[in-house]
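# Coordinate analysis (summary)
The primary structure of each chain is shown beneath.
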Amino acid sequence: MEYNTSENNFEQCMKCTVCTVYCPMLAVNPDFPGPKQAGPDGERYRLKDPSFYDEALKYCLNCKRCEISCPSNVKIGDIIQKARLDYSAIKPGLREFALSHTDLIGTAASVIGPVVNDVLKLGAVQYAMDTMMGVDRRRTFPEYSRERFTLWFRRNARAAQEKYSRFVTYFHGCYANYNYPKLAQDFVKILNALGYGVHLMEKEKCCGVALISNGFRKDAIRGAKTNLKSIREAVAKSEPVLATSSTCTFTIRDEYPHLLGLDNSDIRGSVMMATRFIFNLIDSGKAVLVFRNDYRHRIAYHTPCHLEKLGWSIYSTSLLKMIPGVDFVMLDSQCCGIAGTFGFKKENYQYSQKIGEGLFRQISEAEPDMVATDCETCKWQIEMSTGFKVENPISILADALDLEATIEANAALGTEAADK
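About the cut-offs
- Residues numbered from 1 in each chain as written.
- Predicted model: local features only at pLDDT ≥ 70, side-chain atom pairs only at ≥ 80, totals over all residues.
- Heavy atoms only, no water.
- Helix = DSSP H or I, 4+ residues; strand = E, 2+ residues; numbered from the N terminus.
- Buried < 20%, exposed > 50% of the residue type's maximum accessible area, 1.4 Å probe, protein only.
- Pairing = 2+ DSSP bridges.
- Patch = residues over 30% accessible without salt bridge, like charges linked within 9 Å, V, L, I, M, F, W, Y side chains within 5 Å.
- Areas by Shrake-Rupley, 256 points an atom, 1.4 Å probe, with all protein chains shown as cover.
- Salt bridge = Lys/Arg side-chain N within 4 Å of Asp/Glu carboxyl O.
- Axes fitted to C-alpha atoms, helices over the stretch in contact; angles between N-to-C directions.
- Disulfide = S-S within 2.5 Å.

### Quick word on unusual backbone geometry
Notably, Thr17 is not glycine yet its phi reads approximately 65 degrees, a positive angle. Relative to the assigned elements, Thr17 resides in the segment before helix 1 (18-22). You will see that Asn73, though not glycine, has its phi angle at about 55 degrees, which is positive. Mapped onto the secondary structure, Asn73 falls in the loop between helix 3 (65-69) and helix 4 (76-87). Judged by relative accessible area, Asn73 falls into the exposed class, the value being 58%.

Structure (structure tokens):
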């Protein structure tokens, strides 16, 4: 007999409660009902009567650790997030708008980046944001760059890309564009050294993760449709679409169909982390990386929650281990607690920091020269809470690279392949 389940497959929950053991929020907040009760259990009631919706579901981090641990592959996090979008009576306000509309805020702020950075550090401004907007005064903000990556690329790199015969398309994301262009520049540096030209998407919008979590579903759908159109144009040219943010990658691949109802089955397999693409090139012998002899660092790696859900941390860690001068430390898999915009909100700050305590302690005990992670908000949380420098694996690879030797080695590899 064929067994049919609903779209979000809550019927497959066998009530084993394993998800509750792995939920970082349930361990610090007694007001959160937990993934089983908030997800499949609650869904049974909500489908009969929406009044059963519990506003305590706002505490879900959407870290997906419940889904990773579930032996029945129930989409627990998706069930909770969709319920929030469908039933919550709490309407997003000015705070939610400012935290989630990153393209709008980023474009405006980057025009006078240094001024905005200084203003956000003023005690009076932090006090006002805390009391009037509910953004916790203890939270530090990522700084805005003087020049957006897209402007730098257009002025300094775009023309040079056309000399290559192979190309990738880069989904840079908001952080690399507005806050830390060096990461995007490092990506271009590495791909060029491997013999690939870099194209940017025809039109790129924020991946939408912050819009989804803050209740702006229509805005998220609008941006997602723009991204999907540009991704399809890239895929039609046989260009893989690479990203340097684990959450951007996860959102495009998994949240677009599950939470926004947008079919991406035709392009999902072409969207991947840059570290996965680079590792596969090296592992298959299609490219080589040559590293500096003087690069020496003790590096501790933190696995972002969404990268763990993708199952792709192995690519980042394997690349870091290839660097001869790296003393590699693998940190236990733990949520850092920030969960995107969640940890910026005053009512969530204590939970955010409590969740991350174990990770912060482990980093301090490891005493690394730096921490590596593929998620920008994890970077902000760890740097603020531990004082240790945090870098994306792509930037670490770029800094450790012997650029000229890598270019020469890959040019020779290309010539050898052409001769065959």
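### Points about the sheet that holds strand 7 (residues 370-372)
Strand order in the open sheet formed by four strands is 6-5-7-8, with parallel pairing between adjacent strands. Strands with a single pairing partner mark the edges of an open sheet, and in this sheet they are strand 6 (326-330) and strand 8 (390-391). Where strand 7 lies against strand 8, two bridges are found, and the strand directions are parallel. Note that in strand 8 the partner of Ala372 across the bridge is Glu391.

### Quick look at a nonpolar patch on the surface
A surface patch of nonpolar side chains, about 430 Å² in accessible area, is lined by Val111, Ile112, Val115, Val119 and Leu122. Relative to the assigned elements, Ile112 resides in the loop between helix 6 (102-111) and helix 7 (113-120).

### Structural notes on the sheet that holds strand 2 (residues 196-200)
Pairing between the strands of a sheet is mediated by backbone hydrogen bonds and can be parallel or antiparallel. The strand order across the open sheet built from four strands is 2-1-3-4, with neighbouring strands paired in parallel fashion. The two strands at the open ends of the sheet, each matched to only one other strand, are strand 2 and strand 4 (271-273). Across the sheet, the mean angle from the axis of one strand to that of its neighbour is 40 degrees, orientation sign disregarded. Of the pairings in the sheet, the one linking strand 1 (residues 166-171) to strand 2 comprises five bridges and is parallel in character. Within strand 2, the residue paired with Arg166 across the bridge is Tyr196.

### A word on the state of the cysteines
Scanning the entire structure with this criterion turns up zero disulfides. For the unlinked cysteine Cys13, the closest cysteine sulfur is that of Cys19, found at 6.5 Å. With no disulfide of its own, Cys60 lies closest to Cys66 among cysteine sulfurs, the gap being 6.3 Å. Overall, the relative accessible area of 11% leaves Cys60 in the buried class.

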